[in-house]
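# Residue-level structure breakdown
Spelled out, the chains give:
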Amino acid sequence: MEPRRTSRTVSDPKVRQVGFFTSQHHHHHHHHLPERSFSEPPLPDPFHTSTSTSSAPVTDVSPSGNLLSPVMILPSRHHSDNLHRLSHRATSPTASFSYFARAVVVRENDDSLLSPGRRGIAVKSPSSVVAASSFPKGGFDLTAVKASSVPASKLTTVSVVNLPPGISEKAGGASVEVQNDRPAKSKPLKQKTSKAERRATQEAQRAAKAAAKAFFNLLLKLAVDLYSLAEGSKTSAAVPGPVNSANTKTAKSPKSPSQKNDAVSVAAAEKKAGDRQLEKDRKKDVPHPRMQYDDQSRVEKAKRRAVVKQTEARNRVELFRHLPQYEHGTQLPDLESKFFQLDPMHPAVYKVGLQYLSGDICGGNARCIAMLQAFQETIRSYSTPPEKSLVRDLTAKISSYVSFLNECRPLSISMGNAIRFLKSTIAKLPLSMSESEAKATLQADIDRFINEKIILADNVIVKHAVTKIRDGDVLLTYGASSAVEMVLLHAHELGKQFRVVVVDSRPKLEGQLLLRRLVGRGLGCTYTHINAVSYIMHEVTRVFLGASSILSNGTVYSRVGTACVAMAAHAFGVPVLVCCEAYKFHERVQLDSICFNELGDPDAISKVHGREEINYLDGSTNSENLQLLNLTYDATPSDYVSIVITDYGMVPPTSVPVIVREYRKEHLWI
Amino acid sequence: MPDTQSLVNDFLNKLRKRKIEGSQATAKQTAELLRSVISQTRVPYTNQAGALIDAVKAVGEQLIAANPIELAVGNIVRRVLHIIREEDLSLTNAAIAGLNLSGVSDDEDGAEGDEQPVLSAAVLAAAARSTLRPPSLQTLLEDVPDSAAVPHTSSSGGDSEGKSKSADKSSRSRKLKHDVIEAVNELIQDIVTCHDQIAEQAVEHIHHNEVILTLGSSRTVLEFLCAAKEKKRSFRVIVAEGAPRYQGHLLAKELVTRGLQTTLITDSAVFAMISRVNMVIVGAHVVMANGGVIAPVGLNMVALAAKRHAVPFVVLAGSHKLCPLYPHNPEVLLNELRSPSELLDFGEFSDCMDFGSGTGSPLLHVVNPTFDYVPPKLVSLFITDTGGHNPSYMYRLIADYYSADDLVVQRRPTPGN
């Protein structure tokens, strides 16, 4: 919805935009800006003020903005804010400040001054803005990053507590912060389109998007650094110098790399260890452009940080250069030997990571639960270091764990969702809470997540799905889905008479495990491989599939081969039922299995397990003409899916985006 | 005769035990066997063709029964029968032509000369009726078969005509057998070289930078791709491994050694990859008369995926794979279940397999079919050694190779014509 709106507004001059933004802002941003309020008390109450703030056009627009905002806010973006909203109601004037500044930022285009913030807050100086105008852009980039913007909000709260007066006085430092911070937050609210358009209206200077992006990352970093500085020692006086220079330079000539570097180095010097993590994990929270492994520089950077030393596979498939592909089997011994050296890594996390790496834990639910439990463990043994706040430090910790796990094996979408949940929970911890209370709350919340979103959800799914099984049915399933397995076992317990066809495929042959468990429980089973699916499909009456995730265009993202099975079922007119817990839904969309996927061990392709006589490729795996491709997932188009069985009931795949939205909302207020 | 019998028995055993792999090898060996059967058959004075047909049918029936799934055997038996009929017909025609000629020239010689043409005209009419031949406009209009309409067994053409002018009956019988054996040799030659003929067409179908997907391994496909490669086309091949035999590994290896960019994927990744593929090229086991294909297991899935993404699905098939039968429930009736050990390790699952012994039927079944049926609507193009054809045209192509009388070889041992 937002993009549409903004585009409409864009057709109008900037003034309009102002109105729009303002209305948004006051809703979202006011809360984290309390400190600024000090500097700008004179501003009117944000909620009602859009009119009063500035020019006439704004007034016109703002009411509508106010009306809209409650409705339009995307749930995912809120969560961190809820708290603040409350807190901030009390201090509503504060909000006005941010609100106001925002308006300024948006409206003004002239370059004359970089220090919008500073004087800035000089609301009425139309001049201010190079920097300001550029914010939106930065936000753009960050935006992606920041849905929950946990760290930022947290930061602000912290600073509020500690040092209101200091900041307010430091015009330079504080203001910069403010602005930097704001874009980060505001961004999520804006859609890309709006930004693009806005940008279009802005000067030619910004033409180079890449440069601008980098610049904004930089700004964000700076902001974070500043915060940390301010927080640590209230000597923010020193800061303004470098910051300003960085600001000015970058703002005016975003393209000059050397200046950027200066700024970076400054920033780096001041940086605290955790901050980078903060920034990183902000990015993780929103559907953002994922790490593209064909981007050399970023890959290099990632490598330097990496705990797990991966060796790049040779002979990578051209189409999949954007995905990481590593040699398998080499890292494990190395990691095991490092077990006692990896200081920052909690052993529980470490263990789970190794299990991912070796494939001991697989399956969306299992991986998710293992990860959450490891996090629980870390929280249990966590104690806030002196001079740090639990909220910030713990988030940073979690983020570093997450990136470690990600190195072991790319996170599944369900895990991403769970992490998002955890971070937002942490961010929402009341400041007044003592450490032990907070820890207990978090652990309980994790438990609750596991129970409600996974275990109970599965129970509900089983209940629904069982109603679709009749006596005499022949049910086909592919691979080994825990949800489907429960459905089958439960139906069997209910005494329904049916037969199960387990379809399997190389290289994982997970179906054999499922087969063993089902046969062990006394279910009559037929086992076959995926090529024979159209042979067996004649006798099948229902197809039950699991999913790693369901995307909001209804695409079922699941074990590779699922699409083939669903397609065959579709061709033979057999209904396809997908069992998937709602926490695995995701607002991302995907049309094919190539843009995003996970590459498994290529060697698993060339060696056929249990068939030693098939060793045709033994000598030729080194040839540069031969590539081995081991895809892990594929995307099943939604038209092959008859029904999605989830904890919210049985819905058609077209309803998935609705659930995603509603679920997010619920997620917020957990 | 005892010689042939032992040969036949050997071959029967091989067929029953599935020792012969691939329809090309089967076809070739069948043709060779039938050739020796023909050469060993003693031909009676009259109705030589009938005797040969009976002999071939007798053997053919056994061969087909030995492995009803290997349709190539039946195809070749029918082809040979067709050859015998054609040769007989052309000889008869030639004889008539000769007699007519002599009749015209010897017009005044009297009654004895007149009897012959009448007699052979009757034979001719019978032969014409029983022979499936492409209806040429001429035959339709004049109701007179002429030797020019006899398709494809060209060896019998000019020289037999010249010889038969002066032929007496004994030489004619030798001539028939000789011609038939010649023709069967040619058939064998065709079977052996069909790869090359198909491969020759490769450059017409593969363009630069094409991405081609195939599943499992087929010699025809290998040669086809390599032929294109030799003609300096550069393209990539994605090979699905083709569980449970994993012949795709073999194909991938071959292609790699010949310098083609090859990507090996699991069968399950076919759907994921097909969206980036320009063309699917596969081999076939048998092509049925309706244009459906009996193909290695998994190809129906590939064909469906290709259809979904509008990727052309091209089937390469030598003419010995063209079967004149129409399929009925081919997934089951023309399929063969292989050993479960290819899918499951007996050692690991022995306990499960015994699990249901108490109830009488085991709980665990393993299904490991060999073939898939790809319906004609999923096939974009057939490339045979005679060129490219639409699935809907296959029945017509097949009519060129077989006589309608022979479609059912085993059930109804017909008297020779």
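Along each chain, numbering runs from 1 in the same order as the chain's sequence is written. Throughout, the order in which chains and ligands are written sets their labels, letters from A for the former and numbers from 1 for the latter. In view of the model being predicted, local features appear only for residues whose pLDDT reaches at least 70, and side-chain atom pairs are presented and counted only at 80 or more, with totals across whole chains, interfaces and linings using the full set of residues. Values shown for side chains rest on all heavy atoms present in the structure; no hydrogens or waters enter the calculation.

## Here we look at the overall build of chain A
For the record, the criterion: Helix and strand definitions follow DSSP, with helices as H or I runs of at least four residues and strands as E runs of at least two, each counted in order from the N terminus. Relative accessible area decides the class of each residue, using a 1.4 Å probe on protein chains only: under 20% of the type maximum gives buried, over 50% gives exposed, and in between gives partly exposed. Accessible surface is estimated by sampling points in the Shrake-Rupley manner with a 1.4 Å probe; for residues, cover comes only from the protein chains shown.
When its secondary structure is counted, chain A shows 29 helices and 12 strands. Out of the 670 residues belonging to chain A, those deemed buried represent 62%. Total accessible area on chain A is roughly 23900 Å²; 57% of this is exposed by carbon and sulfur atoms.

## Remarks on the overall build of chain B
Heads up, the condition is: Any two residues whose heavy atoms approach within 4.5 Å at even a single point are treated as in contact.
A tally of helices and strands in chain B yields 16 helices and 11 strands. Across the 417 residues that make up chain B, the buried fraction comes to 54%. For chain B, the share of sequence-separated contacts (at least 6 apart) that also reach a separation of at least 24 residues comes to 80%. Accessible surface, chain B as shown: approximately 17600 Å² in total, 53% of it carbon and sulfur.

## Some words on the interface of chain B and chain A
Put simply, the rule reads: Note on terms: buried area is the combined drop in 1.4 Å-probe accessible area of two parts once they are placed together, counting the loss on both. Whenever a carboxyl oxygen of Asp or Glu lies within 4 Å of a side-chain nitrogen of Lys or Arg, that contact is scored as a salt bridge. Polar contacts here mean pairs of N or O atoms no more than 3.5 Å apart (in protein, one a potential hydrogen donor and the other a potential acceptor; neighbouring residues in sequence count only if both atoms are side-chain atoms). Only Asp, Glu, Lys and Arg are considered charged, only Ala, Val, Leu, Ile, Met, Phe, Trp, Tyr, Cys and Pro nonpolar, and every remaining residue, Gly among them, polar. Here, any two strands with at least 2 DSSP bridges between them count as paired.
Listed by partner, the interface residues are 56 residues for chain B and 61 residues for chain A. When the two sides are added together, the surface that chain B and chain A hide from each other amounts to roughly 4900 Å², 62% of it contributed by carbon and sulfur. Summed over the shared surface of chain B and chain A, the number is three salt bridges. The residue Asp639(A) makes a salt bridge to Arg308(B) at a minimum N-O spacing of 2.6 Å. On inspection of chain B and its partner chain A, the count reaches 26 residue pairs in polar contact (both at pLDDT 80 or more). Sorting the residues of the side of chain B that touches chain A by element identifies α11 (247-257), β3 (261-265), α12 (270-274), α13 (299-308), α15 (346-355) and β8 (364-366) of chain B as the ones contributing at least two each. In terms of residues, the side of chain B that touches chain A owes the most to one element, α11(B), which gives six residues. The class makeup of the residues in the side of chain B that touches chain A is 29 nonpolar, 15 polar and 12 charged. Judged from the three bridges that link them, strand β3 (residues 524-529) of chain A and β8(B) form a sheet pairing that is parallel. Across the sheet, the residue bridging to Cys525(A) is Leu364(B), located in β8(B).

## With respect to the environment of Thr386(B)
Residue and element names in this part refer to chain B. Relative to the helices and strands, Thr 386 resides in the loop between β10 (381-384) and β11 (387-389). Residue Thr 386 is classed as partly exposed on the basis of its relative accessible area, which comes to 44%. Apart from residues lying up to four places away in sequence, Thr 386 is in contact with Leu 397 and Tyr 401. A polar contact is formed between the side chain of Thr 386 and the side chain of Thr 384, at a distance of 2.9 Å. A polar contact of 3.1 Å, which involves the side chain of Thr 386, links it to the side chain of His 389.

## Remarks on helix α22 (residues 413-427) of chain A
Operational definition: In a helix, the anticipated span is given by 1.5 Å times the number of residues less one.
Between its terminal C-alpha atoms α22(A) stretches 21 Å, which fits the 21 Å expected from 15 residues at 1.5 Å a residue. For α22(A), the buried fraction is high: 14 of the 15 residues fall into the buried class.

## Comments concerning the sheet that holds strand β6 (residues 293-296) of chain B
Ordered in space as β5-β6-β9 (chain B), the three strands form an open sheet in which the pairing is antiparallel. Two strands bound the open sheet, and with one partner strand each, they are β5 (286-287) and β9 (371-374) of chain B.

## Topic: the packing of aromatic side chains
Residues and elements named next belong to chain A. This is how it is decided: For Phe, Tyr and Trp, where Trp contributes only its six-membered ring, two rings pair if their centres lie within 6.5 Å, and the inter-plane angle classes them as stacked under 30 degrees, edge-to-face over 60, or tilted in between.
For the coordinates displayed, the defined rule picks out seven aromatic pairs over all chains. Taken together, a centroid distance of 5.5 Å and an interplanar angle of 10° make the contact between Tyr 350 and Phe 404 stacked. Of this pair, Tyr 350 sits in helix α19 (residues 347-358) while Phe 404 sits in helix α21 (residues 390-408), and the two are 54 residues apart along the sequence. Taken individually, Tyr 350 and Phe 404 each receive the classification buried, so the pair is uniform in this respect.

## Observations regarding the pairing of strand β4 (residues 279-283) of chain B
All names here are of chain B. Most of β4 is tucked away, with five of its five residues classed as buried. Where strand β1 (residues 211-215) and β4 come together, two bridges link them in parallel fashion. For Ile 212, the partnering residue across the bridge sits in β4 and is Met 279. Of the strand pairs in this sheet, β4 and strand β7 (residues 313-316) are connected by four bridges, and their pairing is parallel. Residue Val 282 lies in a different strand from β7, and its bridge partner there is Val 315.

## What to know about the layout of surface pockets
Residue and element names in this part refer to chain B. The criterion, for reference: Only protein atoms enter the calculation, which uses a 1 Å grid: trapped sets of points that fit a 1.4 Å probe without letting it out are cavities, open sets showing protein on both sides within 12 Å along at least five of seven lines are pockets, and any residue with an atom within 4 Å of a point is a lining residue. Grid points are joined across faces, edges and corners, and a volume is the space filled by probe spheres set on the points. Boundaries of every domain are those given by an automatic assignment or by a domain database.
Put simply, the second largest pocket is a space of about 940 Å³. Counting only elements with at least two residues in the lining of the second largest pocket, the list comes to α1 (2-16), α2 (23-40), α10 (219-230) and α11. In terms of residue class, the lining of the second largest pocket is built from 15 nonpolar, 16 polar and 11 charged. The two domains that each donate at least three residues to the lining of the second largest pocket are domain 1 (2-193) and domain 2 (201-335 + 370-406).

## Section: the confidence of the model for chain A
Residues and elements named next belong to chain A. Inclusion rule: Confidence per residue, as judged by the predictor, is encoded in pLDDT with a range of 0 to 100.
Per-residue pLDDT for chain A has a mean of 67; in total, 51% of the residues score no lower than 70. Contacts for the low-pLDDT stretch residues 207-212, under 50 throughout, to residues beyond four places or in other chains number seven contacts. Here residues 223-274 is modelled with pLDDT under 50, and outside its nearest four sequence neighbours on either side it reaches 85 contacts, counting other chains as well.

## What to know about the pattern of salt bridges
Overall, the coordinates contain 24 salt bridges over all chains when judged by the stated rule. For the salt bridge of Glu493(A) with Arg521(A), the shortest nitrogen-to-oxygen distance reads 2.9 Å. Note that Glu493(A) is positioned in helix α24 (residues 482-493) and Arg521(A) in the loop between α25 (510-520) and β3, a separation of 28 residues in sequence. By relative accessible area, Glu493(A) is classed as exposed at 53%. Across the salt bridge formed by Glu32(B) and Lys28(B), the nearest N and O atoms sit 3.6 Å from each other. Residue Glu32(B) and its partner Lys28(B) are located together in helix α2, separated by four residues, close to a single helical turn. Given a relative accessible area of 29%, Glu32(B) falls into the partly exposed group.

## Points about the side chain of Thr555(A)
Residue and element names in this part refer to chain A. Assignment of secondary structure puts Thr 555 in the loop between β5 (549-551) and β6 (556-559). Classification of Thr 555 as buried rests on a relative accessible area of 6%. In this structure Thr 555 touches Ser 549, Ile 550, Gln 590, Ala 635, Thr 636 and Ser 638, once residues within four positions along its chain are discounted.

## Some words on the side chain of Glu241(B)
On the secondary structure map, Glu241(B) appears in the loop between β2 (236-240) and α11. For Glu241(B), the side chain forms a polar contact with the side chain of His249(B), separated by 2.9 Å. What Glu241(B) contacts, discounting residues up to four positions off in sequence, is Arg506(A), Ile605(A), Gly216(B), Tyr246(B), Gln247(B), Gly248(B), His249(B), Leu264(B), Ile265(B), Thr266(B) and Asp267(B).

## Some details on the sheet that holds β4(B)
Whenever strands of a sheet pair, they do so through backbone hydrogen bonds, lying parallel or antiparallel. Cut-off, in case you're wondering: The axes used here are C-alpha line fits, helices contributing only the stretch in contact, and every angle between their N-to-C directions lies in the interval 0 to 180 degrees.
Read from one edge to the other, the open sheet built from eight strands follows the order β9(A)-β3(B)-β2(B)-β1(B)-β4(B)-β7(B)-β10(B)-β11(B), with strand pairing classed as mixed. Since the sheet does not close on itself, it has two edges, and those belong to β9 (626-629) of chain A together with β11 of chain B, each with one partner. Averaged over neighbouring strand pairs, the angle between their axes works out to 25° when direction is ignored. Where β7(B) meets β10(B), three bridges bridge the pair, whose relative direction is parallel.

## Quick word on the nonpolar core
This is how the line gets drawn: We define the nonpolar core as a collection of buried residues of types Ala, Val, Leu, Ile, Met, Phe, Trp, Tyr and Cys that are connected through side-chain atoms lying within 4.5 Å of one another.
Counting residues in hydrophobic clusters, the biggest one holds 88 residues, and the most contacted among them are Leu476(A), Met537(A), Val543(A), Val280(B) and Phe313(B). Beyond its immediate chain neighbours, meaning those up to four positions away, Val280(B) contacts Leu213(B), Ile274(B), Val302(B), Ala306(B), Val311(B), Pro312(B), Phe313(B) and Val314(B). Within the second largest apolar cluster, 43 residues are counted, among which are Val352(A), Ala374(A), Leu405(A) and Leu442(A).

## Overview of the packing of α19(A) against α21(A)
Two packed helices can be described by the angle between their axes and the distance between those axes. Residues and elements named next belong to chain A. Basically, it comes down to this: The labels follow the angle: roughly parallel below 35 degrees, roughly antiparallel above 145, roughly perpendicular from 65 to 115, and oblique for the rest. In this scheme the crossing of two helices becomes right-handed for a clockwise turn of the near helix relative to the far one and left-handed for an anticlockwise turn of less than a right angle.
Here α19 crosses α21 at 20°, and the two axes come no closer than 8 Å. Put simply, α19 runs roughly parallel to α21. The two elements α19 and α21 meet at a crossing, and its hand is right-handed. Together, Val 349, Tyr 350, Val 352, Gly 353, Tyr 356 and Leu 357 of α19 and Tyr 401, Phe 404, Leu 405 and Cys 408 of α21 make up the contact between the two elements. Partitioned by chemical class, the residues of the contact of α19 with α21 number nine nonpolar, one polar and no charged.

## Some remarks on α24(A)
Residues and elements named next belong to chain A. An ideal rise of 1.5 Å per residue puts 16 Å on 12 residues; α24 measures up with 16 Å between its terminal C-alpha atoms. Within α24, burial applies to Ala 483, Val 484, Glu 485, Val 487, Leu 488, Leu 489 and Ala 491. For α24, the elements touching its buried residues are α23 (435-466), β1 (473-478), β2 (498-504), α25, β4 (542-546) and β7 (576-579). Where α24 starts, the residue carrying a side-chain oxygen 3.3 Å from the main-chain nitrogen of Ala 483 turns out to be Ser 481. Gly 495 sits one or two positions beyond α24 and adopts a positive phi of about 85°.

## Concerning the environment of Leu411(A)
Residue and element names in this part refer to chain A. One can find Leu 411 in the loop between α21 and α22. Taking relative accessible area as the criterion, Leu 411 reaches 17% and is therefore assigned buried. Taking C-alpha positions, Leu 411 is 9.2 Å from Cys 368, a pair spaced 43 residues apart along the chain. Not counting residues within four places of it along the chain, the set of residues in contact with Leu 411 comprises Arg 367, Val 402, Leu 405, Asn 406 and Ile 419.

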